[in-house]
Amino acid sequence: MQFSKGQTIVHPHHGPAIIRTISNRKVSGVSTKYLNLDVQNSTLSVSVPLDKAHDIGLRDVFTTQQLDEVFGVLRAPSGVEEKQWSRRIKKNAETIKNGDMLQIAEVVRDLVRRADESNLSYAEKQMLRDARSPLVTEISLTLSIDLDKADALLDSVILGETAESATVTELPAKKEQLLAG
């Protein structure tokens, strides 16, 4: 993957970020190129060694086809829920930590549905907020919509309030219908 200043990429743990600069630093006497990233919708800045970008999992923003896959996960039935909250939180934290957006979408889906049916613990509310933010930002970037509409779309897809057959690739025709409200 090629990188350039101003490019929007996705960090697996922090979500979408813009490459602020590409700089050289000397570490242990060795000159190393770094990508200096500003995480979107956050005050966080992250530096990633260029030669480790692939290993870390930096990637391009979702295409509409990839977002269709995420929406498929969000529409799917919830997984089997661990009854003991501490085990559930541990499992979800490990899933989020791996950075796979499809698995993160599963966690967000299950927590949103759980919150819709009953109350979440404080830790689960924080987990939902932290897992959902990068997902909403990436939906916003992929569909060129504002964050509030992306947030509402995420909830409507998870809770089954959008047309079942609606896919992201069909959104130009259905965008106003799906995002109205």
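Up top is the structure these notes are about.
Residues numbered from 1 in each chain as written. Predicted model: local features only at pLDDT ≥ 70, side-chain atom pairs only at ≥ 80, totals over all residues. Heavy atoms only, no water.

Asks: Can you explain the overall build of the protein chain? Please cite residues and give values.
Replies: Looking only at helices and strands, the protein chain has seven helices and five strands in total. Ordered by position in the sequence, the α and β elements of the protein chain form the string β-β-β-β-α-β-α-α-α-α-α-α. Within the protein chain, buried positions represent 40% of all 181 residues. Here the analysis covers contacts within the protein chain between residues at least 6 apart in sequence; of these, 52% occur between residues at least 24 apart. (Helix = DSSP H or I, 4+ residues; strand = E, 2+ residues; numbered from the N terminus. Buried < 20%, exposed > 50% of the residue type's maximum accessible area, 1.4 Å probe, protein only. Contact = heavy atoms within 4.5 Å.)

Asks: Tell me about the side chain of Glu-124, residues and numbers included.
Replies: Residue position: Glu-124 is located in helix H5 (residues 122-143). Here Glu-124 falls in the buried class, since its relative accessible area comes to 2%. Contacts of Glu-124, omitting those with residues within four sequence positions, involve Arg-88, Ile-89, Leu-111 and Arg-114.

Asks: Which residues make up the packing of aromatic side chains, and what are the values?
Replies: Inspection of the entire model under this criterion finds zero aromatic pairs. Positioned over the ring face of Tyr-34 is Arg-25, at 4.3 Å from the centre of the ring. Lying across the ring of Phe-62, Arg-59 places its NZ or CZ 4.4 Å from the centre. (Phe/Tyr/Trp six-rings, centres within 6.5 Å; stacked < 30°, edge-to-face > 60°. Lys NZ or Arg CZ within 6 Å of the ring centre and 35° of its normal.)

Asks: Talk me through the environment of Pro-49; I want residue IDs and the actual numbers.
Replies: Of note, Pro-49 is situated in strand E4 (residues 45-49). Distance in space between the C-alpha atoms of Pro-49 and Ser-23 is 9.5 Å, their sequence separation being 26 residues.

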